[in-house]
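Tertiary structure, described
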Amino acid sequence: MKGKVVLVTGANGGLGTYVTQAFLDAGATVIGTSRKIQQSDFNNPNFTALPAEISSGEGANVVVAQVVAGFGKLDVLAHTVGGFAGGQSIAETDDVTFQRMLDLNLNSVFHIVRAAILPLRQTGSGRIIAIGSRAALEPGAGVGAYSASKAAMVSLIRTVALENKDAGLTANVILPGTMDTPANRKSIPNADVSKWVRPEAVASLITWLARDASKDVNGAVIPVYGKDA
């Protein structure tokens, strides 16, 4: 992927760290953004840290503008930002929790994707890869706000795929099951982590979807459920 300019959101998160490193290992120029990312997070000359807030349209526009101004183009957007809340039925879910799930899992992807579409179209082979959740297709009791926000995100990305295929731009969603991240190990201490999805496997799939070889894959919703499938 030498010569490709990649923007990774949540680049120093539980999955984002693996995604960023996978793109760097593939030779891409990677701009990693999150609220607290630092240049020292990745020891690679092809990495640039861009601390930013993408929860608003203005913030997302600034991030994309900085990438294009600094690197001349944008080839790939890999969106790994998200959040989880559970344990409440729909009847018990308060407005704040529901809105927080929409902000983290739907609004963030809307803002950054909307900002990135024009420069991605201009390359003639742009790529958008977003991380959803198994819950988007298989909602469970007690996670209604989370599931709804992820399902809406899937619909958004598939719409983007349809609207931009004329420019060679593809947009796809990966739906992981529970991933083996430090945060998940802490929150579910007695789980059988051997059944969880390895972040490096998801990162490998993301980098493949970003390559020219994936040009015929568009609007796909790809389940990666691990051994719990």
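Being a predicted model, the structure only gives us computed values, none of them experimental. (Residues numbered from 1 in each chain as written. Predicted model: local features only at pLDDT ≥ 70, side-chain atom pairs only at ≥ 80, totals over all residues. Heavy atoms only, no water.)

All right, on to the pattern of salt bridges then. A full pass over the atoms with the stated rule returns 8 salt bridges. For Arg198, the salt bridge identified is with Glu200, shortest N-O distance 3.6 Å. A relative accessible area of 48% places Arg198 in the partly exposed class. (Salt bridge = Lys/Arg side-chain N within 4 Å of Asp/Glu carboxyl O. Buried < 20%, exposed > 50% of the residue type's maximum accessible area, 1.4 Å probe, protein only.)

The next subject is the side chain of Thr20. With respect to the element layout, Thr20 can be found in helix H1 (residues 16-25). Classification of Thr20 as buried rests on a relative accessible area of 0%. Beyond its immediate sequence surroundings of up to four residues, Thr20 is in contact with Val8, Ala11, Val30, Phe42 and Phe47. (Helix = DSSP H or I, 4+ residues; strand = E, 2+ residues; numbered from the N terminus. Contact = heavy atoms within 4.5 Å.)

Here the focus is the side chain of Thr80. Among the secondary structure elements, Thr80 is positioned in the loop between strand E4 (76-79) and helix H3 (95-123). The buried category is assigned to Thr80, whose relative accessible area is 14%. There is a polar contact of 2.5 Å between the side chain of Thr80 and the backbone oxygen of Thr9. From its side chain, Thr80 meets the backbone oxygen of Gly10 in a polar contact 3.3 Å long. Apart from the residues lying within four places of it in its own chain, the contact partners of Thr80 are Val8, Thr9, Gly10, Leu15, Gly16, Val19 and Ile131. (Polar contact = N/O pair within 3.5 Å; in protein donor to acceptor, adjacent residues only side chain to side chain.)

Turning our eyes to something else, we now look at the packing of helix H2 (residues 57-71) against H3. The geometry of a pair of packed helices is captured by two quantities: the angle between their axes and the separation between those axes. Contact geometry of H2 with H3 gives a least axis separation of 8 Å together with a crossing angle of 35 degrees. In this structure, H2 crosses over H3, and the sense of that crossing is right-handed. Between H2, through Gly57, Ala60, Asn61, Val63, Val64 and Val68, and H3, the contact on the second element is made entirely by His111, Ile112, Arg114, Ala115, Ala116 and Pro119. By residue class, the composition of the contact of H2 with H3 is 8 nonpolar, 3 polar and 1 charged. (Axes fitted to C-alpha atoms, helices over the stretch in contact; angles between N-to-C directions. Left-handed = near helix turned anticlockwise from the far one by under 90°. Nonpolar A, V, L, I, M, F, W, Y, C, P; charged D, E, K, R; others polar.)

Turning our attention to H1. Those residues of H1 lying buried are Gly16, Val19, Thr20, Ala22, Phe23 and Leu24. At its buried positions, H1 is contacted by strand E1 (5-9), strand E2 (29-34), strand E3 (47-51), E4 and helix H6 (199-210). Gly27 lies just past H1 and shows a positive phi near 95 degrees.

Core analysis: the largest hydrophobic core is formed by 33 residues, its most contacted members being Leu7, Leu77, Ile112, Val113, Ile128 and Ile157. Looking at this core, the elements that each hand over two or more residues are E1, H2, H3, strand E5 (127-131), helix H4 (144-164) and strand E6 (170-176). At 9 residues, H3 tops the list of elements feeding residues into this core. Of all hydrophobic cores here, the second largest spans 30 residues; its members include Ile129, Ile206, Leu209 and Ile222. (Core = buried A, V, L, I, M, F, W, Y, C linked by side-chain atoms within 4.5 Å.)

This paragraph deals with the packing of aromatic side chains. Given two aromatic rings, their pairing is described by the distance between the two centres and the angle made by the two planes. Enumeration over the complete set of coordinates arrives at 2 aromatic pairs. Measuring from ring centre to ring centre gives 4.8 Å for Phe42 and Phe47, while their planes differ by 55 degrees; the resulting arrangement is tilted. Since its relative accessible area comes to 5%, Phe42 is described here as buried. For the pair Phe84 and Tyr146, a centre-to-centre distance of 4.9 Å together with 75 degrees between the ring planes defines the contact as edge-to-face. Within this pair, whereas Phe84 is found in the loop between E4 and H3, its partner Tyr146 is found in helix H4, the two being separated by 62 residues in sequence. Above the ring of Tyr225, the side-chain terminus of Arg134 is found at 4.0 Å from the ring centroid. (Phe/Tyr/Trp six-rings, centres within 6.5 Å; stacked < 30°, edge-to-face > 60°. Lys NZ or Arg CZ within 6 Å of the ring centre and 35° of its normal.)

At a minimum axis distance of 8 Å, the contact between H1 and H6 shows a crossing angle of 50 degrees. By the angle between their directions, the pair H1 and H6 is classed as oblique. In terms of crossing hand, the pair formed by H1 and H6 is right-handed. Taken together, the residues of H6 that come into contact with H1 (itself represented by Tyr18, Val19, Ala22 and Phe23) are Pro199, Glu200, Ala203, Ile206, Thr207 and Ala210. Of the residues that constitute the contact of H1 with H6, the class distribution is 8 nonpolar, 1 polar and 1 charged. (Parallel < 35°, antiparallel > 145°, perpendicular 65-115°, else oblique.)

Right, let's talk about H2 for a bit. Helix length check: H2 (15 residues) gives 21 Å between terminal C-alpha atoms against 21 Å at 1.5 Å per residue, within 8%. All of the buried residues in H2 are Gly57, Gly59, Ala60, Val63, Val64 and Val67. Of the surrounding elements, those touching the buried residues of H2 are E1, E2, E3 and H3. At the exit of H2 stands Gly72, carrying a positive phi of roughly 85 degrees. (Expected span 1.5 Å × (residues − 1).)

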